[in-house]
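Understanding the architecture of this molecule
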Amino acid sequence: MILDSLRAKNPALRLDCVTDAAFAPYGRVLPLKDSGALHRALSDTPIPDEGNRYVASLDTLEAACEAAGALSPFGGMQTQAGYCNGRGHRLNALEYHKCSEVNFSTTGLVLLLALPEEMADGRLDSAAVRGFYLPPDVAIEVYPRVGHFAPCRVSEDGFQCLVVLERGVNSPIDVPGPGADGEDKLLWMRGKWMTCHAESPQAEKGAFIGITGENWDLEI
């Protein structure tokens, strides 16, 4: 099994499946009316040859989410459905939103997550981060304020990941300067607060450095 192999290759990282009880504080598995509709729409989105690519909104994915019944966590709020596809494998950073996020994958992937209470003023030890395997064709809700970032691939073929958020989240915004106080210093994009590891590309771009410890690198 993929999870058993990942655990053997990453003994220092706590790894579970989103269907395990350990996932309950972070999110929940969502029932879908038609996972096939989401699978077909997401399968048509490209996986870059290097790195990750995020697209916030895509008409075909938004229609598929409506058909599949994947929007229930948003309670009628306007939403956007896009994707994050790629070949990433490191923690690098953690972001959070004040709304839920829905994820679904055609390929399977690992999400590196941290609970809100583990991030004090944007700072945390990476030892608090847990990995959760999201199998193909399973939809999940990640709860508001749970720290997360781009998924990690579980094969050399990369990953495809649906990302559903309230509309406007992750769009550009004039953020406070480096001297900002409190939560403002973490604001990176609209509705997106982020903290990063000193060894990350995000640190080079000026993001708040608040993650200490190992910058987890998922071995496959």
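Below is a short write-up of the structure.

Conventions used here
Residues numbered from 1 in each chain as written. Predicted model: local features only at pLDDT ≥ 70, side-chain atom pairs only at ≥ 80, totals over all residues. Heavy atoms only, no water. Salt bridge = Lys/Arg side-chain N within 4 Å of Asp/Glu carboxyl O. Helix = DSSP H or I, 4+ residues; strand = E, 2+ residues; numbered from the N terminus. Pairing = 2+ DSSP bridges. Axes fitted to C-alpha atoms, helices over the stretch in contact; angles between N-to-C directions. Contact = heavy atoms within 4.5 Å. Phe/Tyr/Trp six-rings, centres within 6.5 Å; stacked < 30°, edge-to-face > 60°. Buried < 20%, exposed > 50% of the residue type's maximum accessible area, 1.4 Å probe, protein only. Lys NZ or Arg CZ within 6 Å of the ring centre and 35° of its normal.

Per the stated rule, a full pass over the model turns up 10 salt bridges. The residue E183 makes a salt bridge to R145 at a minimum N-O spacing of 3.7 Å. Of the two residues, E183 sits in the loop between β11 (159–166) and β12 (187–189) while R145 sits in the loop between β10 (139–142) and β11, which places them 38 residues apart along the sequence.

Sheet architecture is open: three strands sit in the order β1-β9-β7, paired in mixed fashion. For this open sheet the edge positions go to β1 (15–17) and β7 (109–113), each flanked by a neighbour on one side alone. Going from strand to strand, the sheet's axes swing by 30° on average, the running direction of each strand aside. Note that β7 and strand β9 (residues 130–134) share five bridges and pair antiparallel. In the sheet register, V110 faces β9, and the bridge partner there is Y133.

Across the sheet, six strands lie side by side as β2-β10-β6-β11-β4-β3; this open sheet has antiparallel pairing. Looking at which strands have only one partner, the edges of the open sheet turn out to be β2 (27–30) and β3 (52–55). Taken over all neighbouring pairs, the strand axes of this sheet differ in orientation by 20° on average, direction set aside. Looking at chain direction, strand β6 (residues 101–105) and β10 are connected through four bridges and run antiparallel. Counterpart to N103 in the pairing with β10 is I140. Lying on the sheet, helix α3 (residues 59–68) is in contact with β4 (79–86) and β11; it crosses β4 at an angle near 115°.

Time to look at the packing of aromatic side chains. In total, this model carries three aromatic pairs according to the counting rule given. Aromatic pair Y26 and F132: ring centres 4.9 Å apart, planes at 55°, arrangement tilted. Pair noted here: Y26 is in the loop between β1 and β2 and F132 is in strand β9, with a separation of 106 residues, a long-range link. Owing to a relative accessible area of 3%, Y26 belongs among the buried residues under this scheme. Clustering of aromatic rings is evident, with ring pairs tying together F23, Y26 and F132. The ring of W193 has K98 sitting right over it, with the charged end atom 4.3 Å from the ring centre. In this arrangement the basic side chain of K185 is found over the ring face of F208, its NZ or CZ atom lying 5.3 Å from the centre.

Remember, this is a structural readout, not a statement about activity or role.
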